[in-house]
Amino acid sequence: MPVITCIDDFKPLYRRRVPRMFYDYAESGSWTEQTFRENTSDFSRLLLKQRVAIDMTGRNLASTMIGQDVSMPVALAPVGLTGMQCADGEIKAARAAEKFGVPFTLSTMSICSIEDVAAHTTKPFWFQVYTLKDDDFMQRLFDRARDAKCSAAMITVDLQMLGQRHKDLKNGLSAPPKLTPASVANMMTKVQWGLGMLGTKRRSFGNIVGHAKGVTDPSSLSAWTTEAFDQALDWDRIRQFRKMWDGPLIIKGIMDPRDAAEALNVGADAIIVSNHGGRQLDGALSSIRALPAIMDAVGDKIEVHLDSGIRSGQDVLKALSLGARGAYIGRAFTYGLGAMGEAGVTRALEVIAKELDTSMGLCGRRDVHDLDRDVLMIPKDFAGDWV
């Protein structure tokens, strides 16, 4: 096993082992990728305050997210096509999260179905849904999640239309992958990945094919996807979704305090400050820079989480110190999964936990519940002074 000391250590191995279209799918944003880049680089603008001669023993990372116990306040974000990064990828990631004691969130656009993941895990996981037009399909998604004992639903509200991702178009991204001379030539160099895919029956979107009306095979999926997303989405529509699900509800994709207030009004239990990892509106603010204003607006009324850009435990520490109750890793666990399978996801979580624990101690804090803005040196213009 290679020596992995940080999340970036996974990337060379990940790139060697996974076909280009799926590597690029994870490692890209929309349009110019400005927001994709700044999601990570803006964390470096926040500096940590070193403290000394303070008792650092007995540190604690354990916390809760939406009332559920977690070994650290980090969840695995919903990532579409995870089962194309590694055979049965969602199952492997869910198992790693379960053993580590953190939540796993299954995407609607997963390769392994809700039922697949439930059959191969022993504890409840979270399920993410998109805002689709088809009421019957949406209700059945929520019902299937309930039957699978999912302990929370997450509604992603920032994908009414798809932001253009140049690399995906150029690579002809699909699941299963389209067989072109270029894709076949690339996949022939990914022997371990190929053997894994030959050994599984899960190669298309398990939550959709055979479940959505008229979608019986991958060839009919494209037409359905083009029409499925609801560009007319509004908060009344989200209230309808809230009625379809009576359990804990998280709303993902909040970047403006006004939208945070609306999410509070529809009965959400938590919101996620997220710009979809820079994959939707390019040129938007990074999630970490959007967080302070949202915390100031609603942070005492609803649980606030942060997603997009987190690549280290120090990033988690900064998000928590700005007031977030939890943080999500998407690409960070995907790199590990593509590089090393389930063991890679476990190792990614170990890296994040160690960095969070060590950095918290060196800041003079022993418990994640004691983190606040006094841990940070925040630039005066960090939250922006916009005209």
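From a predicted model like this one, the values you see are computed outputs, not experimental measurements.

Draft legend 1. Seen up close, the packing of helix H7 (residues 135-147) against helix H12 (residues 235-244). Direction vectors running N to C along H7 and H12 enclose 40 degrees, while the axes themselves pass 10 Å from each other. With respect to each other, H7 and H12 are oriented oblique. For H7 against H12, the interelement crossing comes out right-handed. Of the residues in H12, those in contact with Asp135, Met138, Gln139, Phe142 and Arg146 of H7 are Arg237, Phe241 and Met244. Grouping the constituent residues of the contact of H7 with H12 by class yields four nonpolar, one polar and three charged.

Draft legend 2. Structural detail: unusual backbone geometry. Cis geometry is adopted by the peptide bond preceding Pro176, which originates at Ala175 and carries an omega value of -5 degrees. Its location among the elements puts Pro176 in the loop between helix H8 (166-171) and helix H9 (181-187). Positioned with a positive phi, Ser308 is a non-glycine residue whose angle comes to about 95 degrees. Mapped onto the elements of the fold, Ser308 is located in the loop between strand S10 (303-306) and helix H15 (313-321). Given the relative accessible area of 4%, Ser308 is considered buried.

Draft legend 3. Structural context of a nonpolar patch on the surface. A surface patch of nonpolar side chains, about 340 Å² in accessible area, is lined by Leu179, Val184 and Met188. With a relative accessible area of 63%, Met188 lands in the exposed category.

Draft legend 4. Just the pairing of strand S6 (residues 126-130), in detail. With five of five residues buried, S6 is to be regarded as a mostly interior element. By the alternation rule, side chains of S6 split into Trp126, Gln128 and Tyr130 and Phe127 and Val129, which are all buried. Each parallel crossover has a hand, and for strand S5 (residues 105-106) linked through helix H6 (residues 114-119) to S6 it is right-handed. Strand direction decides the pairing type here: S6 and strand S7 (residues 152-156), joined by five bridges, are parallel. Of the residues in S7, the one forming a bridge with Phe127 is Ala153.

Draft legend 5. Fine view of the pattern of salt bridges. The final tally for this structure, using the stated rule, is 26 salt bridges. In this structure, the salt-bridge partner of Arg202 is Asp88, at a minimum N-O distance of 3.1 Å. Taken as a pair, Arg202 in the loop between helix H10 (191-198) and helix H11 (218-228) and Asp88 in the loop between helix H4 (82-85) and helix H5 (89-100) lie far apart in primary sequence, 114 residues in all. What makes Arg202 buried here is its relative accessible area of 13%. For Arg239, the salt bridge goes to Asp236, with nearest N and O atoms at 3.1 Å. Note that Arg239 and Asp236 are positioned in helix H12 at a spacing of three residues, about one turn of the helix. Exposure remark for Arg239: the relative accessible area of 31% places this residue in the partly exposed category. The network of salt bridges with common partners includes Lys49, Arg365, Asp372 and Asp374.

Draft legend 6. Expanded view of the sheet that holds S10. On the basis of which strands lie adjacent, the open sheet formed by eight strands has the order S4-S11-S10-S9-S8-S7-S6-S5 and parallel pairing. Edge positions in the sheet fall to strand S4 (74-76) and S5, since each has one partner strand and no second. Direction of pairing for strand S8 (residues 249-254) relative to strand S9 (residues 270-273): parallel, over a ladder of four bridges. Its bridge partner lying in S9, Ile250 is registered against Ala270.

Draft legend 7. Molecular detail of the environment of Ile272. With respect to the element layout, Ile272 can be found in strand S9. Along the sequence, Ile272 and Met72 sit 200 residues apart, while their C-alpha atoms lie 17 Å from each other. Not counting chain neighbours up to four residues away, the residues in contact with Ile272 comprise Met154, Ile250, Ile251, Lys252, Gly253, Ile254, His305, Leu306, Asp307 and Tyr328.

Draft legend 8. Up close: the side chain of Arg279. On the secondary structure map, Arg279 appears in the loop between S9 and helix H14 (287-298). Residue classification places Arg279 among the buried residues on the basis of a relative accessible area of 8%.

Draft legend 9. Seen up close, the pairing of strand S11 (residues 326-329). By the alternation rule, side chains of S11 split into Gly326 and Tyr328 and Ala327 and Ile329, which are all buried. One ladder, built from three bridges, connects S4 with S11; its direction is parallel. Within S11, the residue paired with Ala75 across the bridge is Tyr328. As paired strands, S10 and S11 are joined by two bridges and run parallel to one another. Pairing of His305 across the sheet is with Gly326, part of S11. Taken together, S10, H15 and S11 form a β-α-β motif whose crossover is right-handed.

Here is what the cut-offs are and how they apply
- Residues numbered from 1 in each chain as written.
- Predicted model: local features only at pLDDT ≥ 70, side-chain atom pairs only at ≥ 80, totals over all residues.
- Heavy atoms only, no water.
- Axes fitted to C-alpha atoms, helices over the stretch in contact; angles between N-to-C directions.
- Helix = DSSP H or I, 4+ residues; strand = E, 2+ residues; numbered from the N terminus.
- Parallel < 35°, antiparallel > 145°, perpendicular 65-115°, else oblique.
- Left-handed = near helix turned anticlockwise from the far one by under 90°.
- Contact = heavy atoms within 4.5 Å.
- Nonpolar A, V, L, I, M, F, W, Y, C, P; charged D, E, K, R; others polar.
- Buried < 20%, exposed > 50% of the residue type's maximum accessible area, 1.4 Å probe, protein only.
- Patch = residues over 30% accessible without salt bridge, like charges linked within 9 Å, V, L, I, M, F, W, Y side chains within 5 Å.
- Areas by Shrake-Rupley, 256 points an atom, 1.4 Å probe, with all protein chains shown as cover.
- Salt bridge = Lys/Arg side-chain N within 4 Å of Asp/Glu carboxyl O.
- Right-handed = clockwise from strand over helix to strand, strands pointing away.
- Pairing = 2+ DSSP bridges.

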